[in-house]
Each structure stands twice: as C-alpha cells, then as structure tokens.
There are 2 protein chains.
Amino acid sequence: MEVLKTSQISEAFPMNGGDGRYSYANNSIFQRSGIESSKAIIEEAIVEKLDIEKLPNTNPFKIVDLGCSVGPNTFIAVQSIIKAVDLKFKSQAISVPEFHVFFNDHKTNDFNTLFGSFPAERRRYFAAGVPGSFYTRLFPLASLHFVHSSTALHWLSKVPIEVVDIHSPAWNKGRIHYTNAPIEVKEAYSAQFVKDMETFLRARAQEIVCGGLMVILVLGVPNGTRPTQSIPCLLQDLLGSCLMDMAKMGIIDEAKVDEFNSPMYFMSPQEVEALVERNRCFSIERVEVMRHPDCDAQLLSNTIRAVMEPGIRKHFGSEIIDELFDRYTNKLVDSPSILKSGTNTSLFFLLKRNGMHQSLSVTDH
Amino acid sequence: MEVLKTSQISEAFPMNGGDGRYSYANNSIFQRSGIESSKAIIEEAIVEKLDIEKLPNTNPFKIVDLGCSVGPNTFIAVQSIIKAVDLKFKSQAISVPEFHVFFNDHKTNDFNTLFGSFPAERRRYFAAGVPGSFYTRLFPLASLHFVHSSTALHWLSKVPIEVVDIHSPAWNKGRIHYTNAPIEVKEAYSAQFVKDMETFLRARAQEIVCGGLMVILVLGVPNGTRPTQSIPCLLQDLLGSCLMDMAKMGIIDEAKVDEFNSPMYFMSPQEVEALVERNRCFSIERVEVMRHPDCDAQLLSNTIRAVMEPGIRKHFGSEIIDELFDRYTNKLVDSPSILKSGTNTSLFFLLKRNGMHQSLSVTDH
C-alpha cells in the first residue's frame, strides 16, 4: 500500500476551535449559505447520477466530508446527503443500508469540539473522525461511495516556497496573497494549486468506488476573472494591507509580513476541468457558479477571522489579533465598492468515478 | 438499522487529557504492562485462531481499539496486531491487505491529543477516531475483523442507581465502591455489570465478521476472589477512605461522598464465561489470569489519579484534587500490606465470533 505522508504536509491553518465568540463554529454562516445553495443540486445529483444498483458494496454506504472543520455545517451537509441516498434506495425498493460517515480535517482541527457537538437527535449513521490532510491518502482502496468537500479545497497544502524566497522573482514583498501581485506570484500559487489538485484527485481516485460521486464546493472564480475582480481575493488583499499599515506604524515587523502568505487559491472551472481530464479517473457531471448573497462588513470580518486567526497568531503572535481585525472591519466598512464591485462566488463540481480500480495499480500507485 | 443511544450513556469518566504531569498519556505505565504481557498471547492467537482464508472482505483488514484513551498504549497494541496479521498473510502467501484502524473512546476523551500523538514514523494504516460508548453500536454490521480492548471494560456504563438511592438497601453510605460494602451494594454493581456486558457482547456480535477475533484485557479477579483480596478493589476503597477523612475534617461535604461512587467492576473469568455462553455468538478461545508486577505507592497513586481525576473533579470540584491525592499517596505508603496481601491481576480473554450474521436479525436486533 501507499505510504502515508501526513507529517510532510503543512498543517498551519486550522480554523478557530471551540465555540467562543470568534470560533469557526459560530462564524461559518457564510460557508453555510454555500451548503444550503448546493443542497438541492446534491439531491438532484443523487437522483440522477448515483446508480446504486451498479455501485459495489453499498452496505454500509460510506460518506466522507473532507475539510469538515467543527460543525454545524458538516452535519447539515451529511444529513442532506443521507436523506437523499435513503430516498433513492427506497424509490428503487432496495433495502436501505447502514451509513458510515467519516469527518475529515487536519489533525490540528478541534475534533473534541466536533465530537462534542454531534446533533443531539438520534443519529442515523455511524460516525468517525479522520485526522489528516486530504492531500494524502486517507482511506483504503475503493472504500467510499460519496465524497463531499465544502469550502476547503481553496486551501493549498502549503504556501508556494517561491513567494517567500527573497531571491525569487515571485518573492511577494508587502503582500500576503497574489491579488495585486506581479504575475510571477500568481504563477507560483497556480503551480502549487495544480500540484495539490493532482495529488487530491489521485488520492480520491484510489479511495472512491467506481460509480461513486464527489461533490466539491469551493470558493472560486468564474472563468476569465482577474483576481482584482474577485471578492475572496480582495478580502485577502485588504487583510494584507492592514498588516502593512501596522508594519508601517511599527506595530509589527515588515519582514514578518513579507514572510507571511495566505495559502489560498481561488480556482476557476476551466482549471479544474483541465486537471480532472488529465487525471482520467473522473467525469465532470455538473459545474455551477454560485453567487453569494451580499453580507455586511462585520460578518465578513468575523468569518475571515475564524478561518485565518490560528495561522496569523502562529506567525505574528496573539497580541496583534484584536487590533488587526478591528482595522480590517473598519477598512471593509470604508470600502463598500470592494464588496460590490467584484464577484463573490463559489464553485460547485459534481464528479463521478469512472473506469476500473485495477488499472490504478499500474499507473497511479 | 439500530438507532444509536450514545447520549443516554453516562460519559462522566474520561481519563485525564493532554500531556501534563497527571495526564493519562504520562501515567499509564501500569496499563502498558498489561499490553506488553498480552502481546505474545495476541500474536499466538493470530497465528492459531485467525483463519484469514475464511474471513470475509479482508481488504481492508479492520481493527478497532475500544476504550483507547490518548495513547501511547493504543498505538503499541495496534502495531503489534498489525505486525502479526501481516505475518499471517505473508506466511500463507496471500497478498497483504490495507489496514483500517479505528480508535474508540467516549466523546469526552481527548481525541485532539490522541490525533496529535500519532507515531511520527510512517504509519502503515489508515486511522479514524470513533467517539461514543462501547456499550452502544459503534460500527456497521459485520465490519470488523479484530477488536481489541485494554483496561477499559471494568468501567461500567454508569453507577448503579441503587447505590446512590438513600431508600435502597444498596445505598452505599460512606464508601465509593463495593469493596467492604454490604452484599446489596456488590449485587447492584454486579447486576449493572451483567447488563453492560450483555449490551457490549450484543453490539460486538453485530459488528464483528464471522471468524473475527476479540481480545479483552481488563482489570479483574481470579475466580473466587473476594473484593477485599483484590488490589484494584482495595485501591478504590482506600480512595474512598481518604474522601471520608476529608469529610470528617469538614473539607468536603459527607453527603457528597455518599453521592459519589466509582463505576468500576472487577469481573472474574466465570462471570464472563457465563455471559458469553448466554450471548451465543462467540466462543471463548483462551482465558488467562495475568499477575501485575509490584509497583510503588507514588506510581499507583498517579495512575489512579490519571484515570479518576476528571470524574472526581466534576463531582467535588478542582480544589480538593491535590490534597486528596497527597493523602492517597501517603495512605498507600503506609499500607504496604494492602499492596502485598491481595491479588493484582488482569484478565485476558480471546473470543471468536462464530455462527452466521443472518440469525441476528431475528434474535438480536
């Protein structure tokens, strides 16, 4: 079997744990809106694309949520998948299987909070937590029927090394992201994305049974969008400008800002389509560009804080966090044009595992 | 499928989490000695009793450690099982499967520490954490090949209600355990043990494939041992006497001591044999009474603290803990006769799942 390499993967960016004021659990409404919008599409996908008669070993029916963080969104997503699969079995008069659900995230994720917040209602499934990067193999060969990943795959496995290399043309001085950066920076991020997505698809191709489905919901951009037209990109850029303001005022060291980069890449449908095609184990059954509703500055600031605080704290220390995000909220309030001028979109992909697993032993191990 | 009832089960007694001075992770050498002694027997069991050609769906080969706590003992046990199974496959010239290992404990267990302490060496298995009481169903039907549980099954699912009922003849006034208590107290504990063990065996009978093995290593007593002859019992009794000393001095409320009971039952081989026979889904392949080496007062005190502190803290508050365990250590030092006069034993059981799973749908669902 393939040797696991979890320890080699950067795990610097867990979400804020616990259930406090700035926790991810209490600041993930933005992410929830994506899950709610995709619910209907997932139900349709299961009705139209999941051929339960041809799927192997469907009892138990195995589902994983990759990058689950600490709920409640992960439970909402899983419940809606189970409900739709259950209906599908019933509609074909096949006896409904047991469900085994795996909740995956980095080993630094707050699994204690996740496990403590399992819905109080009687659960219809057996649950397990799987610690580790989804850029490695996490499951045995051909063992999953339905893979779900929401607002997770825009996280790269690591910051591309070139952007923190002072001798590289991609050195990203004075910024924390490729938005508004020289083309070399964008290319370094893009190359890291390609490498990560290839690894991701290769691992999932081994884990998903033939005929199994994978839903990927991710912050991304429509084809042909420039970073400066995309709200997720602009939000990163604005956070970088707050850090630079603080550096200029001597509150933090400017060199520390140069060393810090956000490991997020906002992909386009075309980029994903090309990588899926190259991988050859999946067909793309559906792609949607989903527009997020407007949301106010404070909510956005809290959302970004919940997902980025641990990484920022680790690099800059705890003492700057409150001031940084106060500044950030203020800048957001003062920049309504940023929030209106661009696109604030998620991408939805439905992939189906095709072909045979045997061939993998030659080409993909 | 059977509805899960985790929320109804008492989860009052996790081990001490983290990796601090009194953590379970740093105070489980006593438990380790049991695992080390059973290693050779487990290897023999796998050589002699695991018929891999008849086992269904062995790829992946699925292992669970029930009541795993936070390591490192759980990793040691799992590694030795995998090593033996691997050898078995190789010795029969069958290609070695992938391994999927599940680490189970109460949802209040410190899974974050467990996941953070996975061995740094490249792991040979896919891992998952399973939160929930092993007195409920935790896994899909017929999905496990090897079940391991070490120093866990002497924990009852809850304190028997009669012993805290002031109107019951089993009211356990002035003690925290059945050692040195009236017969009614022992009977209440014993009845709770029978109920729990029946539930445990029923759940595992559904989860383990036919031909699958279950190893249970547990603090227990040889047949015919009185509680006052057993070190685990005497250790509970001595802790109760420290609490009563503190109550008499007005440091804690005596009524609080009356309300507190340790949910531990130290079973005998005969009791287990009778319950396995009644369950009818397992054969007992091996029983061993394993004598622990002597260990000193401080080590024993720390061991008991690591496993009992969370429950005691929850009931009495944090402020008494240090004094309580100082007193406890002193009493242990002053009572060498206690440490020498009795039996300090673990029991080892090897069970094999027999029969067919179909029949369960009539009798056990």
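Residues numbered from 1 in each chain as written. Chains lettered and ligands numbered in written order. Predicted model: local features only at pLDDT ≥ 70, side-chain atom pairs only at ≥ 80, totals over all residues. Heavy atoms only, no water.

So, the packing of aromatic side chains
Counted according to the given criterion, the structure contains 37 aromatic pairs over all chains. Seen in terms of ring centroids, A:Phe111 and A:Phe115 are 5.9 Å apart; in terms of plane orientation they differ by 55 degrees. Their pairing is tilted. Remark: A:Phe115 and A:Phe111 occur in helix H3 (residues 111-116); sequence separation between them is four residues, near one turn of the helix. Exposure class is identical for A:Phe111 and A:Phe115. Each is buried. Their ring planes at 90 degrees and their centres at 4.9 Å tell us that A:Phe111 and B:Phe115 sit as a pair that is edge-to-face. With A:Phe111 in helix H3 and B:Phe115 in helix H3 (residues 111-116), the pair connects residues from two separate chains. (Phe/Tyr/Trp six-rings, centres within 6.5 Å; stacked < 30°, edge-to-face > 60°. Helix = DSSP H or I, 4+ residues; strand = E, 2+ residues; numbered from the N terminus. Buried < 20%, exposed > 50% of the residue type's maximum accessible area, 1.4 Å probe, protein only.)

A word on the environment of A:Asp86
Relative to the helices and strands, A:Asp86 is located in helix H2 (residues 73-91). A:Asp86 sits 25 residues away from A:Phe61 along the chain, and the two C-alpha atoms are 9.9 Å apart.

Digging into the pairing of strand E4 (residues 144-150) of chain B
All names here are of chain B. Of all seven residues in E4, seven are buried, a share of seventy percent or more. In this sheet, E4 lies alongside strand E1 (residues 61-66) in parallel orientation, the contact comprising four bridges. Each residue of the ladder has a partner; that of Asp65, found in E4, is His148. In terms of strand pairing, E4 meets strand E5 (residues 208-219) through six bridges, oriented parallel. When the bridges of E5 are listed, Val147 appears paired with Met214. With respect to chirality, the unit in which E4 leads through helix H4 (residues 183-207) into the neighbouring parallel E5 is right-handed. (Pairing = 2+ DSSP bridges. Right-handed = clockwise from strand over helix to strand, strands pointing away.)

Here's the deal with the pattern of salt bridges
All names here are of chain A. Under the defined criterion, the tally for this structure stands at 34 salt bridges over all chains. Its salt-bridge partner being Arg305, residue Glu309 comes within 2.8 Å of it at the nearest N-O pair. Of this pair, Glu309 and Arg305 both sit in helix H8 (residues 297-316), four residues apart, which is roughly one turn of the helix. Arg305 shares its class with Glu309; the two are buried. Between Glu309 and Arg313 there is a salt bridge, with the nearest N and O atoms lying 2.4 Å from each other. Linking Glu309 with Arg313, this pair stays in helix H8, spanning four residues, or about one helical turn. (Salt bridge = Lys/Arg side-chain N within 4 Å of Asp/Glu carboxyl O.)

What about unusual backbone geometry?
Along the chain, A:Asn59 connects to A:Pro60 via a cis peptide bond; the corresponding omega equals 0 degrees. Mapped onto the elements of the fold, A:Pro60 is located in the loop between helix H1 (29-49) and strand E1 (61-66).

With respect to the relation of the copies chain B and chain A
Note on the identical chains: chain B maps onto chain A by a rotation of 180 degrees and an axial translation of 0.0 Å, with an RMSD of 0.0 Å. Within this description, the copies of the chain are treated as partners about a two-fold rotation axis. Within chain B, B:Gly129 has its C-alpha nearest the rotation axis, a separation of 2.4 Å. (Least-squares fit on C-alpha atoms with pLDDT ≥ 70 in both.)

Overview of the side chain of B:Thr329
All names here are of chain B. Mapped onto the secondary structure, Thr329 falls in helix H9 (residues 321-334). What makes Thr329 buried here is its relative accessible area of 10%. Only 2.7 Å separates the side chain of Thr329 from the backbone oxygen of Phe325, close enough to count as a polar contact. If near-sequence neighbours (up to four positions away) are discounted, Thr329 is found in contact with Ala297, Gln298 and Ser301. (Polar contact = N/O pair within 3.5 Å; in protein donor to acceptor, adjacent residues only side chain to side chain. Contact = heavy atoms within 4.5 Å.)

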